[in-house]
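Listed below, chain by chain, are the residues.
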Amino acid sequence: MAEVIVITSGKGGVGKTTTSAAIGTGLAMRGYKTVVIDFDVGLRNLDLIMGCERRVVYDFVNVIRNEANLNQSLIRDKRVEDLFILPASQTRDKDTLDIEGVERVINQLAESFDYIVCDSPAGIERGAFMAMYFADQAVVVTNPEVSSVRDSDRILGLLASKTRRAEEGREPVKEHLLLTRYEPARVEKGEMLSVDDVKEILAIPLLGVIPESKDVLQASNAGSPIILASESDAGQAYEDAVSRLLGEDLVHRFVEVEKKGFFNKFRLFRS
């Protein structure tokens with residue numbers, strides 16, 4: 001059976017779709033057959049970040065409504081062999097999603113995939129509920145600022161009470177914290193919450209810290225998941241997050257201001 005992972009947050013603009021694309025790509029690069037589903041019906045973005053927007057013919061809602069099958073709707077990534085995308089509809093309303101239809105699609109995907117990554121819309125409306133309902137694991141994405149963290153705490157409450165696992169009294173959804181757009185220099189100045197601040201408030205295990213980087217926007221504009229930019233700090237941070245998701249124990253990088261050593265200073269002096 002496939003593992004269902006929801007990428008979620010309470011607030012928009014924190015990097016959920018970027019994270020969904022990166023984690024889905026990272027899992028597929030490790031040899032796991034992975035599909036990423038865009039649950040943001042009406043505001044489709046995953047296909048843009050994955051660079052496959054021109055290849056969308058049928059979408060998630062078409063499959064739910066039996067207007068197309070999965071074979072017609074799934075888009076295979078051209079760069080990573082084991083990666084597939086199920087795009088959202090751009091012309092439908094989120095109310096077109098129903099629990100029975102979503103369950104049927106996930107069950108069909110579970111027959112042939114190792115991981116199903118659900119890219120949730122922001123907030124607590126129907127699309128977000130549908131994305132988290134069948135989750136086995138949840139990556140809660142937040143920025144290091146108070147309103148984002150507070151909204152993420154609300155999402156943790158929903159994960160504990162509104163999922164199928166909660167309703168059936170099973171082991172709860174396994175929660176992970178992903179902190180994005182982190183700038184250690186601003187933390188030192190007191191302009192941003194620290195990693196420890198956020199961990200203390202949310203009290204869930206830290207999966208990764210993604211540094212603020214212009215490379216993320218450039219990758220999104222190019223239709224390429226940031227994890228493929230292996231020379232980028234942000235890309236490396238996502239690689240680390242995928243490794244931890246798969247059970248590896250890695251030290252967290254990019255959480256402190258980079259100190260300039262003697263040779264850095266010497267080169268600066270010589271220049």
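Attention shifts here to the overall build of the chain. Looking only at helices and strands, the chain features 13 helices and eight strands. Relative to its full complement of 271 residues, the chain shows a buried share of 53%. Of all intrachain contacts in the chain linking residues separated by at least 6 positions in sequence, the fraction that spans at least 24 positions is 75%. Just so you have it, the chain exposes about 13100 Å², and 47% of that area is on carbon and sulfur atoms. Averaged over its 34 positive side-chain charges, the chain has a centre that lies 4 Å from the centre of its 43 negative ones.

What follows covers the nonpolar core. Counting 49 residues, the largest nonpolar core has Phe39, Phe60, Ile116 and Leu159 as the members making the most contacts within it. Dropping the residues within four chain positions of it, Ile116 is found in contact with Ala2, Glu3, Val4, Ile5, Val35, Ile37, Ile106, Leu109 and Ala110. With 36 residues, the next largest nonpolar core counts Val56, Ile75, Leu207 and Val242 among its residues.

Looking now at the packing of aromatic side chains. Geometrically, a pair of aromatic rings is defined through the distance of the ring centres and the angle of the planes. With the rule as written, the count across this model stands at five aromatic pairs. Consider the rings of Phe39 and Phe60, whose centres lie 5.0 Å apart with planes at 75 degrees: the pair is edge-to-face. In this pair, Phe39 sits in the loop between strand S2 (34–38) and helix H2 (46–49) while Phe60 sits in helix H3 (residues 60–64), placing the two residues 21 residues apart along the sequence. Ring geometry for Phe129 against Tyr133: centres 5.5 Å apart, planes inclined by 50 degrees, an arrangement best described as tilted.

For the coordinates displayed, the defined rule picks out twelve salt bridges. For Glu103, the salt bridge identified is with Arg164, shortest N-O distance 2.9 Å. In this pair, Glu103 sits in helix H5 (residues 99–110) while Arg164 sits in helix H8 (residues 164–167), placing the two residues 61 residues apart along the sequence. Glu103 gets classed as partly exposed once you look at its relative accessible area, which sits at 28%. For Arg150, the salt bridge identified is with Asp151, shortest N-O distance 3.7 Å. The exposure class of Arg150 is exposed, given its relative accessible area of 58%. Looking at Asp151, the relative accessible area reads 22%, which means it is partly exposed. Here the salt bridges do not stand alone but share partners, grouping Glu183, Arg186 and Glu191 into one network.

Before going further, it helps to examine the side chain of Ser220. Inspection of the secondary structure assignment puts Ser220 in helix H11 (residues 214–221). For Ser220, the residues in contact, after removing those within four places along its chain, are Thr18, Leu48 and Ile49.

By the element assignment, Ile75 lies in strand S3 (residues 75–76). The exposure class assigned to Ile75 is buried, which follows from its relative accessible area of 5%. Linking Ile75 and Ile124, residues 49 residues apart in sequence, is a C-alpha distance of 28 Å. Contacts of Ile75, omitting those with residues within four sequence positions, involve Cys52, Arg55, Val56, Leu83, Phe84, Ile85 and Pro87.

Take H11 next. Capping of H11 at its N-terminal end is provided by Ser213; its side-chain oxygen lies 3.1 Å from the backbone amide nitrogen of Asp215. Where H11 terminates, the next one or two residues include Gly223, which has phi positive at roughly 70 degrees.

Here we take up the pairing of strand S8 (residues 206–211). Burial within S8 is extensive, with six of its six residues counted as buried. Bridge count between strand S7 (residues 174–182) and S8: four bridges; the pairing is parallel. Across the sheet, residue Leu177 finds its bridge partner in S8, namely Leu206.

Before going further, it helps to examine the layout of surface pockets. In this structure, the largest pocket encloses a volume near 580 Å³. What lines the largest pocket is a set of 24 residues, and nearest its centre among them are Gly13, Val14, Gly15, Lys16 and Thr18. The wall of the second largest pocket is formed by Tyr182, Glu183, Pro184, Ala185, Pro211, Glu212, Asp233, Phe254, Glu256, Val257 and Glu258.

Looking now at the sheet that holds S8. With respect to topology, eight strands assemble into an open sheet ordered S3-S4-S2-S5-S1-S6-S7-S8, the strand pairing being mixed. The two strands at the open ends of the sheet, each matched to only one other strand, are S3 and S8. On top of the sheet, H5 reaches strand S1 (3–8), S2, strand S4 (83–86) and strand S5 (115–119); it is set at about 145 degrees to S5, its chief contact. Strands in contact with helix H7 (residues 146–161) are S1, strand S6 (137–142) and S7; relative to S6, the strand with the most contacts, it is inclined by about 165 degrees.

Assignment of secondary structure puts Leu217 in helix H11. Taking relative accessible area as the criterion, Leu217 reaches 56% and is therefore assigned exposed. For the pair Leu217 and Ala234, spaced 17 residues apart in sequence, the C-alpha separation works out to 11 Å.

Here is what the cut-offs are and how they apply
Residues numbered from 1 in each chain as written. Predicted model: local features only at pLDDT ≥ 70, side-chain atom pairs only at ≥ 80, totals over all residues. Heavy atoms only, no water. Helix = DSSP H or I, 4+ residues; strand = E, 2+ residues; numbered from the N terminus. Buried < 20%, exposed > 50% of the residue type's maximum accessible area, 1.4 Å probe, protein only. Contact = heavy atoms within 4.5 Å. Areas by Shrake-Rupley, 256 points an atom, 1.4 Å probe, with all protein chains shown as cover. Lys, Arg positive; Asp, Glu negative; His and termini not counted. Charge placed at Lys NZ, Arg CZ, Asp CG, Glu CD. Core = buried A, V, L, I, M, F, W, Y, C linked by side-chain atoms within 4.5 Å. Phe/Tyr/Trp six-rings, centres within 6.5 Å; stacked < 30°, edge-to-face > 60°. Salt bridge = Lys/Arg side-chain N within 4 Å of Asp/Glu carboxyl O. Polar contact = N/O pair within 3.5 Å; in protein donor to acceptor, adjacent residues only side chain to side chain. Pairing = 2+ DSSP bridges. 1 Å grid on protein atoms, 1.4 Å probe; cavity = no way out; pocket = protein on both sides within 12 Å on 5 of 7 lines; lining within 4 Å. Points joined across faces, edges and corners; volume = space filled by probe spheres on them. Axes fitted to C-alpha atoms, helices over the stretch in contact; angles between N-to-C directions.

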